[in-house]
Amino acid sequence: MNMHSARAAFGLDTLKTILGIPVLAIRWDDAISLLNRLIAERRFTKVSFLNAHNANIAYTEPVFAEALDDFLILPDGIGVDLAAKLLYGTPFPDNLNGTDFVPAFLQASTAPLTVGLLGATRANAEAASVKLAALAVQHRFVVIHDGFFSAAEEAGVIDRIEDLRPDVLLVAMGVPRQELWIARHIDARHCTLPIAVGALLDFLSGAVPRAPLWMRQLRLEWLFRLAVEPSRLWRRYVVGNPLFLLRVVRQKFSRGTVSAGDIK
């Protein structure tokens, strides 16, 4: 299932288009049920999440935006919530950020699954696998490779995924590399649900700290991440967040159409 089939399955009213990217407006429990149903029916579906940062990249990189058009996109973070409120009058029903949603989905899935982990450093992927195995004991977690393989190693990585054929493949390579890699190399021969998970394995391993719960509840996790990694993330948040909202305002006043040439 991609966003085109999601339109048929859920109706146009369950999709909110943010800067040209259709995002599924769905409750947390319904999203878990949906992914479980896709696995049970072995319906190959690429899954990703849209936040302000991803949306900014897709806005300026047409190849990335085109790739996302074939993914099931879930809403991640306060930025897209503000955009939905501005454009549609209501925010998304739930914040389905991958760092919280993916472990919760795996924990809630009762049928035993094989879950492949691809990306991050080997140490972080292994530590994340141990954490997930303790969280969701019903599943089998397999570290396929770290995210730093060479072009010469790539075919072997893909072959290993095909040999394992996991129900779920967590791809943690960062945006947009992870989505483009899935789009170019992964299909129904390899797994059922490839999910682009960003820094999830780093968070699960403990290598990158999560914000305190109260900050997450206040939707301020981005501020915590900025404080922890200012040199790497200042452009993403200090420049990127206002730019994202400016582009959303332009979308609103151009009746949903927006040109990448208008705001760079």
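The coordinates are above.
Residues numbered from 1 in each chain as written. Predicted model: local features only at pLDDT ≥ 70, side-chain atom pairs only at ≥ 80, totals over all residues. Heavy atoms only, no water.

K.L.:
Sorry if this is basic, but what is going on with the pairing of strand β3 (residues 47–50) here?
P.N.:
Consecutive side chains along a regular strand alternate between the two faces of the sheet. Alternating residues of β3 divide into Val47 and Phe49 and Ser48 and Leu50, and every residue in both groups is buried. As paired strands, β3 and strand β4 (residues 72–75) are joined by four bridges and run parallel to one another. Opposite Ser48, over in β4, you have Ile73 as the bridge partner. (Buried < 20%, exposed > 50% of the residue type's maximum accessible area, 1.4 Å probe, protein only. Helix = DSSP H or I, 4+ residues; strand = E, 2+ residues; numbered from the N terminus. Pairing = 2+ DSSP bridges.)

K.L.:
Would you mind showing me how to read a nonpolar patch on the surface here?
P.N.:
Together, Ile78, Leu82 and Leu245 make up a nonpolar patch on the protein surface, roughly 210 Å² of accessible area in all. Mapping Leu82 onto the fold places it in helix α5 (residues 78–88). What makes Leu82 partly exposed here is its relative accessible area of 43%. (Patch = residues over 30% accessible without salt bridge, like charges linked within 9 Å, V, L, I, M, F, W, Y side chains within 5 Å. Areas by Shrake-Rupley, 256 points an atom, 1.4 Å probe, with all protein chains shown as cover. Salt bridge = Lys/Arg side-chain N within 4 Å of Asp/Glu carboxyl O.)

K.L.:
What is the right way to look at the packing of aromatic side chains in this model?
P.N.:
The description of an aromatic ring pair rests on the distance of the ring centres and on the angle between the ring planes. The full count for this structure, using the stated rule, is four aromatic pairs. For the ring pair Trp28 and Phe101, a centre distance of 5.3 Å and an interplane angle of 85° mean the geometry is edge-to-face. Taken together, the positions of Trp28 in helix α2 (residues 28–40) and Phe101 in helix α6 (residues 98–108) put the pair 73 residues apart, joining distant regions of the chain. Ring pairs connect the aromatic residues Trp28, Phe101 and Phe105, which therefore count as one cluster. It is Arg210 that lies over the ring of Phe203; its NZ or CZ is 5.7 Å from the centre. (Phe/Tyr/Trp six-rings, centres within 6.5 Å; stacked < 30°, edge-to-face > 60°. Lys NZ or Arg CZ within 6 Å of the ring centre and 35° of its normal.)

K.L.:
How should I be thinking about helix α12 (residues 221–228) in this particular structure?
P.N.:
Given 3.6 residues per helical turn, the α-helix brings residues three or four places apart onto the same face. Among the residues making up α12, those that are buried are Glu221, Phe224, Arg225 and Leu226. Next to the buried residues of α12 lie α10 (200–205), α11 (213–217) and α13 (230–253). (Contact = heavy atoms within 4.5 Å.)

Treat this as a map of the structure, not an account of what it does.
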